[in-house]
Each structure stands twice: as structure tokens, then as C-alpha cells.
Amino acid sequence: MSEARIRVSEIFGPTIQGEGILIGLPTIFVRTGGCDYRCSWCDTLHAVDSDYRDQWQPMSVDEIWQEVTRLSGGKPLTISLSGGNPAIQPLGPLIARGHTEGYRFALETQGSVAKEWFAELDVLVLSPKPPSSGMATSWADFDDCLRMAGGKPQIALKIVVFDDVDYAYARDASLRYPHLPLYLQPGNHTPPPADADDALVDIDGIVERMRWLVDKVGDDKWFEARVLPQLHVLIWGNKRGV
């Protein structure tokens, strides 16, 4: 049987991981195409919207690996598997290939699709989407993702917060999974259109949302939560491929 190909939207780096548990870490990004969600504020529509399917390249593990090693200069780095929802792609063989050469793999997903190869990851970031996204969370599917991971990768919970309703959702999620480290980030309310490589972004508005979220957590004495920005947005705005 021929190897299943992976739909790739873009491969770029090395750059820094801009958010969550690995913020600031030198990283190569493999962004896959396709998603089972359509969040109202999605900031990677070019990797989600099926209208851009013709820009997603079906690639073999060897083809992806040639580009990864070219970008990294052959020096093992962390590879971030993102999307879209990368969990819908057959990424197990890519992870196995990279591990033989000393690379580490981090994947971020909303927790809607569980795969056996989650257990082969080094870091799994589960980022369920709050009410402002317009999507409903299936905690049963989320629990399936945790079961598939089997406690082998480092696991973290990351939630985007736009408003008080999202904040309450994050509080509820943290009570549901108290064993998972929790990262909160203010949402980008000026996400780029799918066909824009460098759309304008309201940095002042994002910083103000960051202050609001920090104050909210402090006032509630919610000391288990870590509040972080999208560092790449503060540095580069909505520019793609950084």
C-alpha cells in the first residue's frame, strides 16, 4: 500500500514559537491544510477554508523532510505541527522519521479528533475553542485525545479568551482538567483574511485585551492560570510565515 500523503499548507522557519507552553522556542512549522472546525475568528483561514484547497500540497514524508532539514540546516529543532487541525492528517510516519534524527514534535489541536500517534508526540497542546468561536466542544472527544496520548507527551491546555463568556468557559475547563497546566491568551480580534499575507492588526486593542485578562485573573486570584500573548503577533502583526 502506498504511503498516505499529508496535505501541507506551508512549511516555514526557523522562527520562534509564538504562544503557549513552548513560547520563544526556536521552531520549524509544518502547517497542514484542512480543519473540521470553522471558528469565527480563525487567524489561519488559508489553512482551513476549502476555497484554498488548491494551495495545499499533498506531500510525502520524504518531501516534507527534505524541506524541514533544508530550513533547519540539519540541526534538530522542535517541529510544530499546526493547521487547520493537524490531527486529521496522517502524521505518524513523519513523527517517527523525525525522531530517528533527533527532532522533537509539538502538536496543537482543538481536541476534536483523536489519533493513536498522539502518544508519539513530545508535546501535545489541547486548545478547545470557547463560545466566541461559534463552535461547540465535545468533551467526550477531548477525553479521547487524552486517552490516545496516554500520558506520554507533555500535555498542556491552552484557551483563547475574547470576553467574559470565554473566560467562564476557561474556568470551567480548568476545573474539569486540574492536572493540566493552563495557558490563556487574549484573542486577535483583527485576524487576517485568508488571501492576505500581511493584513493590518490592532496591536493596541490586543494589548488592552491582554491587560484586561491579566487583571481578571489577578482579581479572581486564579493563580493556576498563565496568561501569555501571541508573541509573533506583537512582533510581526498578521504577517504569514514567521
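- Going by an unreviewed UniProt entry, the protein chain carries the name 7-carboxy-7-deazaguanine synthase and comes from Rhizobium miluonense.
- Database annotation for the protein chain, UniProt heading Catalytic activity (unreviewed entry): "6-carboxy-5,6,7,8-tetrahydropterin + H(+) = 7-carboxy-7-carbaguanine + NH4(+)".
- On record in UniProt, under Pathway (unreviewed entry), the comment for the protein chain is "Purine metabolism; 7-cyano-7-deazaguanine biosynthesis."

**Notes on the pattern of salt bridges**
Move 1: In the structure shown here, the tally under the stated rule is 12 salt bridges.
Move 2: Notably, a salt bridge pairs Arg147 with Asp144, separated by 2.2 Å at the nearest N-O pair. Here Arg147 pairs with Asp144, and both are found in helix α3 (residues 139-149), just 3 residues apart, close to one helical turn.
Move 3: Look at Arg147 and you get exposed, because its relative accessible area is 58%.
Move 4: What you see here is one network of salt bridges that share partners, running through Glu19, Glu108 and Lys158.

**Things to note about the packing of aromatic side chains**
Here a ring pair, both rings aromatic, is described through the centre-centre distance and the interplanar angle of the planes.
Move 1: Taken as a whole, this structure holds 10 aromatic pairs when the rule is applied.
Move 2: Ring centres 5.3 Å apart and planes at 70° place the aromatic pair Trp139 and Phe142 in the edge-to-face group. With Trp139 and Phe142 both in helix α3, this residue pair falls 3 residues apart, about one helical turn. Here Trp139 matches Phe142 in class, with each residue buried.
Move 3: Residues Phe142 and Tyr177 carry aromatic rings whose centres are separated by 4.8 Å and whose planes lie at 40° to one another, so their mutual orientation is tilted. With a gap of 35 residues between them, Phe142 in helix α3 and Tyr177 in the loop between α4 (164-176) and β8 (182-186) connect regions that are remote in the sequence.
Move 4: The exposure class of Phe142 is buried, given its relative accessible area of 0%.
Move 5: For Tyr177, a relative accessible area of 4% puts it in the buried group.
Move 6: Each member of the aromatic cluster is reached from another via a ring pair, and the members are Trp139, Phe142, Tyr169 and Tyr177.
Move 7: Above the ring of Trp222, the side-chain terminus of Arg171 is found at 4.6 Å from the ring centroid.

Definitions and limits used
Residues numbered from 1 in each chain as written. Predicted model: local features only at pLDDT ≥ 70, side-chain atom pairs only at ≥ 80, totals over all residues. Heavy atoms only, no water. UniProt positions renumbered as here; feature names shortened; annotations may be inferred. Salt bridge = Lys/Arg side-chain N within 4 Å of Asp/Glu carboxyl O. Helix = DSSP H or I, 4+ residues; strand = E, 2+ residues; numbered from the N terminus. Buried < 20%, exposed > 50% of the residue type's maximum accessible area, 1.4 Å probe, protein only. Phe/Tyr/Trp six-rings, centres within 6.5 Å; stacked < 30°, edge-to-face > 60°. Lys NZ or Arg CZ within 6 Å of the ring centre and 35° of its normal.

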